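Fold and geometry: a report
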Amino acid sequence: MSESTNVSAFDRNGARYQTPVSALTRTFCWASVALTLMFIFNNYLIFWRDWPGFLTLAEHLGLFGPSSLKTPLEGTALLLGWLQALSYFACIAGAALFTARTPNRPLRHDSEAMVKIAAYIVRSAFWGVIFVGLADMIISFMRVEDWLTTLVGSELTTSLGRSQFRGAYVHIPLILVGFVVAAFTRSLGFTWLALLVVGAELSIVISRFIFSYEQAFQGDLVRFWYGALFLFASAYTLYEDGHVRVDVLYAGLTTRIRGLINIWGSLLLGMTLCVTVMTLGMWSKSAIINSPMLSFEVSQSGFGMYVKYLMASFLGIFAVTMMIQFASYILESLADYRDEPGRREIGGSSAH
């Protein structure tokens, strides 16, 4: 590859300067992160707040052929549609502007910034499922033992027996608390959640075989935390290069060739998987993620926990954090390909 097409380079004093390829790559990665987060936000506005969305606006304008809308957009709905459409263009323009205004910013700095974004989302999700799991387990236990009426009264007990009420007034506030706690902590919480999974499973063993007692909420709690542990930890595992590689050649390759493989692997396999999950899961009200969340879906296990709808959201968190991490991985791999300083040594690797 000639110097004129290098993704990053150094001047005579060793300072970095930006080439067209590095600028395009940085713009693409930051735009991918921004568009992913904007897609999630617009998904909330469309299906929870009844905003029209970009596709409805496009249908109204006839961009895909003659409009099939029963009621054309007008007034406030038309304005909201335009705001949502412009939000996506703003993400791309913002990424390009940031790249243009920071031409000497190392690729690894951008990569680390994206890692921090993904880490904050994961931390927030971990704390959220810990708080929700404990609270919902306590409520379910008191309901099955008929203690809840004595403590909070029959009216509130009846309300807590409805998933919409428990989700809106118990789960969502605790999830917001998780976001606040995540802002003041740096631990991702893997250890604590893994310990809680073991403790929850151990409680089933002890109660079943010693006290001959078992309720549906006990198994629900294990599944809830277990699913969160593995889906939320995927982005961190990618950052630490901990995913299993079925490749007998990769370990013997040079750092530059590894970087090239990781770039194309992240782009063609990783990001496409994340887009597929988000598209299939959030494209409509009946999609596999949106549908259970909109209806606060619960399991059919009687007095079990009311968290099944949140387990559907785990797929969304997985897709979002992995998309951000893949964007980070592309930039880090480009830096490795260019032999830029500051390379992370993972697992004692020293190939050059």
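Please refer to the structure higher up on the page.
Residues numbered from 1 in each chain as written. Predicted model: local features only at pLDDT ≥ 70, side-chain atom pairs only at ≥ 80, totals over all residues. Heavy atoms only, no water.

All right, on to the environment of Phe-232 then. Mapping Phe-232 onto the fold places it in helix H9 (residues 216-239). Separated by 83 residues in sequence, Phe-232 and Leu-315 have C-alpha atoms that sit 8.9 Å apart. Residues in contact with Phe-232, not counting those within four places in the same chain, are Val-122, Ala-125, Phe-126, Val-129, Phe-314 and Ile-317. (Helix = DSSP H or I, 4+ residues; strand = E, 2+ residues; numbered from the N terminus. Contact = heavy atoms within 4.5 Å.)

It is worth spelling out the packing of helix H2 (residues 54-61) against helix H3 (residues 76-101) at this point. When two helices pack together, their arrangement is given by the angle between their axes and by how far apart the axes lie. The geometry of H2 relative to H3 is characterised by a closest axis approach of 8 Å and an angle of 115° between their N-to-C directions. Classified by the angle their axes make, H2 and H3 are roughly perpendicular. Handedness of the H2/H3 crossing: left-handed. Contact residues: Phe-54, Leu-57, His-60 and Leu-61 in H2; Leu-78, Gly-81, Trp-82, Gln-84, Ala-85 and Tyr-88 in H3. (Axes fitted to C-alpha atoms, helices over the stretch in contact; angles between N-to-C directions. Parallel < 35°, antiparallel > 145°, perpendicular 65-115°, else oblique. Left-handed = near helix turned anticlockwise from the far one by under 90°.)

A positive phi is found at Asp-50, a non-glycine position, where the angle reads about 60°. Inspection of the secondary structure assignment puts Asp-50 in the loop between helix H1 (20-48) and H2. Residues other than glycine seldom take positive phi values, yet Asp-146 does so here, at roughly 65°. The residue Asp-146 is located in the loop between helix H4 (107-144) and helix H5 (148-152) in this model. Taking the relative accessible area as the measure of exposure, Asp-146 reaches 55% and is therefore exposed. (Buried < 20%, exposed > 50% of the residue type's maximum accessible area, 1.4 Å probe, protein only.)

As a further point, take the nonpolar core. Membership of the largest hydrophobic core comes to 29 residues, with the highest contact counts inside it found for Met-114, Met-322 and Ile-324. Elements with a minimum of two residues in this core: H1, H4, H9, helix H10 (255-282) and helix H12 (308-337). Ranked by residues supplied to this core, first place goes to H12 with 13 residues. In contact with Ile-324, other than residues within four places in its own chain, are Val-33, Leu-37, Met-114, Ile-117, Ala-118 and Ile-121. Grouped together as the second largest cluster of nonpolar side chains are 26 residues, Phe-126, Leu-193, Trp-225 and Leu-310 included. (Core = buried A, V, L, I, M, F, W, Y, C linked by side-chain atoms within 4.5 Å.)

Such coordinate-based values are descriptive only and should not be taken to indicate function.
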